[in-house]
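Close look at the chain arrangement
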Amino acid sequence: MNDSRMPYAVAATVPHDQLGRALHDLRISVTDRCNFRCVYCMPKEVFGRDHQFLERRELLTFEEITRLARIFTRHGVGKIRLTGGEPLVRRNLEELIAMLAAVPGLDLTLTTNGSLLKQKTRALRDAGLKRITVSLDSLDDETFMRMNDVDFPVARVLEGIEAAAAAGFAPIKINMVVKRGMNEAGILPMARFFRERGHILRFIEYMDVGHTNGWRMDDVVTAREIVERINAEMPLEPADPNYRGEVARRWRYRDGSGEIGVIASVTQAFCRDCTRVRLSTEGKLYTCLFATGGHDLRSLLRGGASDDEIDAAIRAIWAKRSDRYSEIRTAQTAKLEKIEMSYIGG
Ligand code: SF4
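Structural notes, computed from the coordinates. Throughout this description, residue numbers start from 1 for each chain and increase along the sequence as written. Reporting of local features is limited, given that this is a predicted model, to residues whose pLDDT is at least 70; pairs of side-chain atoms are given and counted only at 80 or more, and all residues count toward the totals for whole chains, interfaces and linings. The side-chain quantities take in all heavy atoms of the structure and omit both hydrogens and water.

Things to note about the side chain of Asp-137
Strands are runs of DSSP state E lasting at least 2 residues, helices are runs of H or I lasting at least 4, and numbering of each runs from the N terminus. One can find Asp-137 in the loop between strand S4 (131-135) and helix H4 (141-148). When accessible area is computed with a 1.4 Å probe and restricted to protein chains, residues below 20% of their type maximum are described as buried, those above 50% as exposed, and intermediate ones as partly exposed. Positive charges come from Lys and Arg alone, negative charges from Asp and Glu alone, with His and the N- and C-terminal ends not counted. By definition, a salt bridge exists where a carboxyl oxygen of Asp or Glu is found within 4 Å of a side-chain nitrogen of Lys or Arg. Although Asp-137 is buried, it forms no salt bridge, and the closest oppositely charged side chain is Lys-179 at an N-O distance of 11 Å. At 2.6 Å, the side chain of Asp-137 forms a polar contact with the side chain of Tyr-40. We call two N or O atoms a polar contact when they sit within 3.5 Å, provided that within protein one can donate a hydrogen and the other can accept it, with sequence-adjacent residues counted only if both atoms are side-chain atoms. Polar contacts involving the side chain of Asp-137 include one to the main-chain amide nitrogen of Val-177, which spans 2.9 Å. If near-sequence neighbours (up to four positions away) are discounted, Asp-137 is found in contact with Tyr-40, Phe-144, Met-147, Asn-175, Met-176, Val-177, Asn-183 and Met-190. Residues count as neighbours in contact if any of their non-hydrogen atoms are within 4.5 Å of one another.

Here it is in structure tokens:
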């Protein structure tokens, strides 16, 4: 398959890792804070009132993030996803978006829990944000409130999605994490609801991210189950990926009324084509969502290193990369002290 997404990929300068994967996607966490306490990501028991979040001076500034983004484009990075925690709780985020939107050739997107989207969507769009993904785990208020664990109502997230659509974001992707015993009854209602509205709903298998969500394989509703449930009522057919390395497996409704995606990190690993790297809000680089350690770029930024020196550091980190966690996952590896997803973004 011709990888048209990566005009730089053929350039000899683009580093490949130990498994021959080129770097293309940079996920930037702009804050470790969030106004939700989703049970599969930031359980309240761990991230309670006395949890120590990073202080402002520890966070990369917008200028530092933009400088790094420019350096990463040298390596073939063509897509940047802003994440958190919840990125919209970082003040004046639209200023960062305007700075990143000025970097040539970047596909700029953001993942949000939608809680602040209604207020912020216009400013994000005007600043140059191209696409948006909203997390929503159920249409049932009682279930959703139990999963976000801060009693945040569904209606306010739906208002945010509507405002984003009105502001011109399209198609909007909706991410639903499915956890057995919590929200699997919502799979069909969510599919019906978003099919009618033309948004792309993606189902995410519950993952052993971090080391605090108490993950068990028994709580995973597999991609196969999800597709079978929907197919029984709304017939589906497989659709080709939009590009190599796309995280979600695409399924099209046979009647032409749209598509869904399934992100099956647990049962259908996609590490072979993983072109993603993650930057934490304090400037550490992680080469896998399930990493146990990162590489400090902030001290280079604040220690007077030149762009070429930082460039060389990134190149060396990627060239040594051999991550393929989802291919080697076991009940034992699930217990490793992995970095929290709320710290490096999903
Ligand atoms: S487990 Fe790691 S290497 Fe595999 S797809 Fe996810 S981030 Fe990439």
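Here's the deal with the pattern of salt bridges
One pass over the structure, following the stated rule, counts 32 salt bridges. Close ionic contact of Arg-146 with Glu-142 constitutes a salt bridge, the shortest N to O distance being 3.6 Å. Here Glu-142 and Arg-146 lie together in helix H4, a separation of four residues that amounts to about one turn. Looking at Arg-146, the relative accessible area reads 35%, which means it is partly exposed. Here Glu-327 and Arg-324 are joined by a salt bridge, their closest N and O atoms 3.0 Å apart.

Describing the environment of Met-190
Checked against the element boundaries, Met-190 lands in helix H6 (residues 187-197). Separated by 103 residues in sequence, Met-190 and Gly-293 have C-alpha atoms that sit 36 Å apart. Discounting chain neighbours no more than four positions away, the residues touching Met-190 are Leu-136, Asp-137, Ser-138, Leu-139, Ile-174, Met-176 and Leu-201.

Some details on the sheet that holds strand S10 (residues 276-279)
Note: strands within a sheet are paired through backbone hydrogen bonds, in either parallel or antiparallel orientation. Pairing between strands is defined by DSSP: at least two bridges between the two strands are required. Across the sheet, 12 strands lie side by side as S7-S8-S9-S6-S5-S4-S3-S2-S1-S10-S11-S12; this open sheet has mixed pairing. Lying at the two open borders of the sheet, with one neighbouring strand each, are strand S7 (236-238) and strand S12 (295-296). With four bridges joining them, strand S1 (residues 25-29) and S10 adopt parallel strand pairing. In the strand pairing of S10, Leu-26 is matched with Val-277.

Some words on H4
The complete set of buried residues in H4 reads Thr-143, Phe-144, Met-147 and Asn-148. Within H4, the buried residues cover an arc of 120 degrees as seen down the axis, which keeps them to one side. Close packing links the buried residues of H4 with helix H5 (154-166) and strand S5 (173-178). Asp-149 sits one or two residues past H4 and shows a positive phi near 60 degrees. Picture the helix axis, draw a direction to every C-beta atom, and the arc is the one those directions span.

A word on unusual backbone geometry
Of note, the amide linkage connecting Gly-84 to Gly-85 takes the cis form, showing an omega dihedral of 10 degrees. Structurally, the position occupied by Gly-85 is in the loop between strand S2 (79-83) and helix H2 (93-101). Cis geometry is adopted by the peptide bond preceding Pro-171, which originates at Ala-170 and carries an omega value of -15 degrees. Residue placement: Pro-171 occurs in the loop between H5 and S5.

What about the nonpolar core?
Core analysis: the biggest nonpolar cluster contains 105 residues, and Phe-72, Leu-82, Phe-203 and Ile-230 have the highest contact counts within it. The greatest single-element share of this core, amounting to six residues, is contributed by helix H1 (residues 62-73). If we skip the residues at most four places from it in the chain, Leu-82 touches Ile-28, Val-30, Pro-87, Leu-96, Ile-97, Leu-100, Leu-108, Thr-109, Leu-110 and Thr-111. Working definition of a nonpolar core: buried Ala, Val, Leu, Ile, Met, Phe, Trp, Tyr and Cys residues. They are joined through side-chain atoms within 4.5 Å.

Read these as spatial facts, not as claims about activity.
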